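Inside the fold
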Amino acid sequence: MSNVHQPCHIVVVGAGIGGLTLALGLAKQGFQVRVFEQSKALSEVGAGLQLSPNAMKVLRSLGLDTALESHSFAPEYACIRDYKSGSYYLRSPLGQEVINRYGAPYWHVHRGDLHAELVQACYANDVDIELDHKVLGYRNERNGASILLEGKTEWADLLIGADGIHSKIRELMLGIEAPLFTGQVAWRGTVPVNAIKNVQVQPDATVWAGPNQHVVTYYLKGGELINFVAVEERAEWLQESWRQEGDVKDLRQKFSGWHPEVTEILAACESSFVWALNSRPTLSKWSDGAVTLLGDACHPMLPFMAQGAAMAIEDAYVLANLLGKGSFSQAFNDYEAIRKPRVTAIQQLSRENAGLYHMHGGLTGQLKLKALSLASRYAPS
Ligand code: FAD
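Cut-offs applied
Residues numbered from 1 in each chain as written. Predicted model: local features only at pLDDT ≥ 70, side-chain atom pairs only at ≥ 80, totals over all residues. Heavy atoms only, no water. 1 Å grid on protein atoms, 1.4 Å probe; cavity = no way out; pocket = protein on both sides within 12 Å on 5 of 7 lines; lining within 4 Å. Points joined across faces, edges and corners; volume = space filled by probe spheres on them. Helix = DSSP H or I, 4+ residues; strand = E, 2+ residues; numbered from the N terminus. Nonpolar A, V, L, I, M, F, W, Y, C, P; charged D, E, K, R; others polar. Expected span 1.5 Å × (residues − 1). Buried < 20%, exposed > 50% of the residue type's maximum accessible area, 1.4 Å probe, protein only. Pairing = 2+ DSSP bridges. Core = buried A, V, L, I, M, F, W, Y, C linked by side-chain atoms within 4.5 Å. Contact = heavy atoms within 4.5 Å.

1. Topic: the layout of surface pockets
In this approach, a probe sized like a water molecule rolls over the atoms, and the result shows the empty space that is left. Taken as a whole, the second largest pocket encloses approximately 210 Å³ of empty space. Lining the second largest pocket are 15 residues, and of these Gly-46, Arg-188, Gly-189, Thr-190 and Ser-271 sit closest to its centre. When contributions to the lining of the second largest pocket are tallied by element, the ones reaching two or more residues are β12 (180-192) and β17 (272-279). Top element by residues in the lining of the second largest pocket is β12. It accounts for four residues. For the lining of the second largest pocket, the per-class residue count stands at seven nonpolar, five polar and three charged.

This is the structure we're talking about:
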């Protein structure tokens, strides 16, 4: 691999939130970018995303904040509440206080809205998004990589695998290794606010902590929808797919007896998907010649700090800016050196939160203390 070679044609594998943010950042640096996406149509799962100020700063630098504002919801507080009584273990202000502290807002957005804005901005910046392009293999060549697709081979100066937790690029780089099932599954869904009749759901980002289970609730789309993520522990995940349609009656039964804000949301829910929550050990390397990884492909994390997409967005910002400076082998080295400690720390904190939210420490007083110390440690940069 030569340092002298200045790359200009970059292929990104995966049109998820990480891949599209990177493609847009690279296009704005003057690179010619193609995105290969295996799906036949561009879409995102119908669920919410919490975008903390670190992610918002990147999206703002790409000019997306104004477009996103009309779809967003700005929560007033981040709360941890008791699953039954609703009493508060933590109530930390968001809103203006977060803007004053970090210089950017904390917003909730629908994944589909963020995805659609990214797609539109990519097209406006001449990124080619090529659908029905499943990448099957790659090979490092002199000054670039060849990319194997069904029935054809393509070429890129640089290849970036933003192809999610089941990444083919990661597998080719580091060998076959199934992701580890964490023993937790997440039910996800959205509910129209006007379908909830008997309670007023607080306009906060709320974690409802209970024994071996927790629920996250928050508003989306300017307050029209409520998003929920309901997490429970399971010994195994037998299905081949990591996502399946769940039976809402089963969901309601598992969380019956919880606080009315939770049970009323679940009562109004008409359909829900269940996700196996998987993780991977820290990878020994992120790059191989002209190829590197980004987002869930190299550091999937439990969603218990709501930082998975945010970390993919940060990766994209750092990598696009380093590549814009010139030598790509130096950029890949610096990218891993800058990003690995941060994402590894957040993976660890997300794992710790699982025990915290599921009251594994037992005492609620302990939960309160830990929540407070955690809140002070979490400072998005
Ligand atoms: P993905 O979104 O998985 O995108 C990968 C893309 O690559 C897909 O489009 C796929 O089709 C494509 N692809 C895969 N293989 C190939 C191939 N061989 N060839 C071509 N294309 C391919 N994060 C937050 O920041 N905030 C939250 O509030 C939040 N909540 C979450 C709640 C839950 C229950 C879960 C499960 C996750 C949550 N996350 C959250 C995490 C976040 O969803 C992920 O970290 C993020 O979507 C990862 O983005 P990505 O672009 O790396 O991968």
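From this point, the narrative continues.
2. Things to note about helix α1 (residues 17-28)
In a regular helix each residue adds 1.5 Å, so 12 residues correspond to 16 Å; α1 covers 17 Å between its end C-alpha atoms and thus fits that length. Counted residue by residue, α1 has 11 buried out of 12 residues, so it is predominantly covered. Once α1 finishes, Gly-30 follows within two positions and takes phi at roughly 100°, a positive value.

3. What to know about the sheet that holds strand β7 (residues 128-130)
Overall, mixed pairing links the six strands, which are arranged β7-β2-β1-β11-β19-β18 in an open sheet. Sheet topology places β7 and β18 (287-288) at the edges, where each strand pairs with a single neighbour. As paired strands, strand β1 (residues 9-13) and strand β2 (residues 32-36) are joined by five bridges and run parallel to one another. If you follow Val-13 over to β2, its bridge partner there is Phe-36.

4. Notes on the nonpolar core
Across soluble globular proteins, nonpolar side chains have a tendency to be buried as a group. Ranked by internal contacts, the top residues of the largest apolar core, which has 74 residues, are Leu-22, Leu-26, Leu-51, Leu-114, Leu-159 and Leu-323. When residues of this core are assigned to their parent elements, the largest contribution, 10 residues, is made by helix α9 (residues 308-324). Not counting the four nearest positions on each side in its chain, Leu-26 is found in contact with Ile-10, Val-12, Phe-31, Val-33, Ile-160, Ala-320 and Leu-323.

5. Focus: unusual backbone geometry
Of note, the phi angle at Asp-132 is positive, near 55°, even though the residue is not glycine. Structurally, Asp-132 can be placed in the loop between β7 and β8 (135-141). Relative accessible area serves as the criterion here: at 47%, Asp-132 is assigned to the partly exposed category. One non-glycine residue, Asn-143, lies in the positive phi region at around 60°.

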